[in-house]
Amino acid sequence: MNRHSASMLAPIIALFALAACHSAGEQVPGDANDRNPWNGIAAGEVVHFLGTEPFWGGQVGPDGLTYTTPENEKGETVSASRFAGRGGVSFSGTLAGGAATLMVTPAPCSDGMSDARYPFIVTLQIGEQTRSGCGWTEKQPRTAGQ
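Treat the numbers as computed from the prediction; the structure is a model and nothing was measured.

## Thoughts on the overall build of the protein
Scanning the protein from N- to C-terminus turns up one helix and nine strands. Ordered by position in the sequence, the α and β elements of the protein form the string α-β-β-β-β-β-β-β-β-β. Within the protein, the proportion of its 146 residues that are buried is 33%. Within the protein, counting contacts between residues at least 6 apart in sequence, those at least 24 apart form 41% of the total. When the accessible area of the protein is evaluated, it comes to approximately 9,100 Å², of which 54% is carbon and sulfur surface.

Okay, here's the thing in structure tokens:
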């Protein structure tokens, strides 16, 4: 296994390590007997995402992961592999800043700067840096605050 493959497996290994820390009797999100991966975002859907401090965003889908910043509005696009787990979906690839993993979790999210509400919390790790933000899809859009 080369260094690139090992770095892409790191988030998956971390999930298994976390699962090993809990006994089978502990509460798991959803039906503990359900062994199917989460299917709240179809494999062909595009997930849009954004975050603040620092500002960043982009989208990920069948055409790859595009990561944008105010300094690079066009963004950097790379191929990304998709992994659906029990509590969400992740996408892994390699950006110029290093190995990147975008984790999408179904939960209400606020960007902290507008009244918009989002259906997903996103966590983006690039190399050693971790960023938090919000996400949405066409089928599960962001909405204006009430």
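After that view, the rundown keeps rolling.
## With respect to unusual backbone geometry
For the peptide bond that leads from glutamate 53 to proline 54, omega is -5 degrees, which places it in the cis range. The residue proline 54 is located in the loop between strand 1 (47-51) and strand 2 (56-61) in this model. Phi is positive for glutamate 53, close to 50 degrees, though the residue is something other than glycine. As for its position among the elements, glutamate 53 is in the loop between strand 1 and strand 2. A residue is classified by how much of its surface remains accessible, and glutamate 53, at 73% relative accessible area, is exposed.

## As for the sheet that holds strand 6 (residues 89-95)
Read across the sheet, nine strands follow the order 4-3-2-1-9-8-7-6-5 without closing on themselves; strand pairing throughout is antiparallel. The open sheet has two edge strands with one neighbour each: strand 4 (72-78) and strand 5 (81-84). Geometrically, the sheet is characterised by an average inter-axis angle of 25 degrees between neighbouring strands, direction not taken into account. With nine bridges joining them, strand 7 (residues 98-110) and strand 8 (residues 117-126) adopt antiparallel strand pairing. Bridging from a neighbouring strand, cysteine 109 pairs with tyrosine 118 of strand 8.

## Some remarks on the packing of aromatic side chains
Applying the stated criterion across every chain, the model contains three aromatic pairs. Each ring, one from tryptophan 38 and one from phenylalanine 120, has its centre 6.2 Å from the other, and the planes form 85 degrees; the classification is edge-to-face. Of this pair, tryptophan 38 sits in the loop between helix 1 (3-20) and strand 1 while phenylalanine 120 sits in strand 8; the two residues are 82 residues apart in sequence, bridging distant segments of the chain. Taken as a pair, tryptophan 38 and phenylalanine 120 share a single burial class, namely buried. Look at phenylalanine 49 and tryptophan 56: their rings are 5.9 Å apart centre to centre, the planes differ by 45 degrees, and that puts the pair in the tilted class. The pair formed by phenylalanine 49 and tryptophan 56 is uniform in burial state, with each residue classed as buried. Across from the ring centre of tryptophan 136, 4.1 Å away, lies the NZ or CZ of arginine 142, which sits over that ring.

## Let's talk about the state of the cysteines
For the coordinates displayed, the defined rule picks out one disulfide. Between cysteine 109 and cysteine 134 runs a disulfide, and the two sulfur atoms are separated by 2.0 Å. Here the disulfide of cysteine 109 and cysteine 134 is left-handed, its torsion about the S-S bond being about -70 degrees. Note that cysteine 109 is positioned in strand 7 and cysteine 134 in strand 9 (residues 129-136), a separation of 25 residues in sequence. The pair cysteine 109 / cysteine 134 is uniform in exposure class, with both members buried.

Cut-offs used in this document
- Residues numbered from 1 in each chain as written.
- Predicted model: local features only at pLDDT ≥ 70, side-chain atom pairs only at ≥ 80, totals over all residues.
- Heavy atoms only, no water.
- Helix = DSSP H or I, 4+ residues; strand = E, 2+ residues; numbered from the N terminus.
- Buried < 20%, exposed > 50% of the residue type's maximum accessible area, 1.4 Å probe, protein only.
- Contact = heavy atoms within 4.5 Å.
- Areas by Shrake-Rupley, 256 points an atom, 1.4 Å probe, with all protein chains shown as cover.
- Pairing = 2+ DSSP bridges.
- Axes fitted to C-alpha atoms, helices over the stretch in contact; angles between N-to-C directions.
- Phe/Tyr/Trp six-rings, centres within 6.5 Å; stacked < 30°, edge-to-face > 60°.
- Lys NZ or Arg CZ within 6 Å of the ring centre and 35° of its normal.
- Disulfide = S-S within 2.5 Å.

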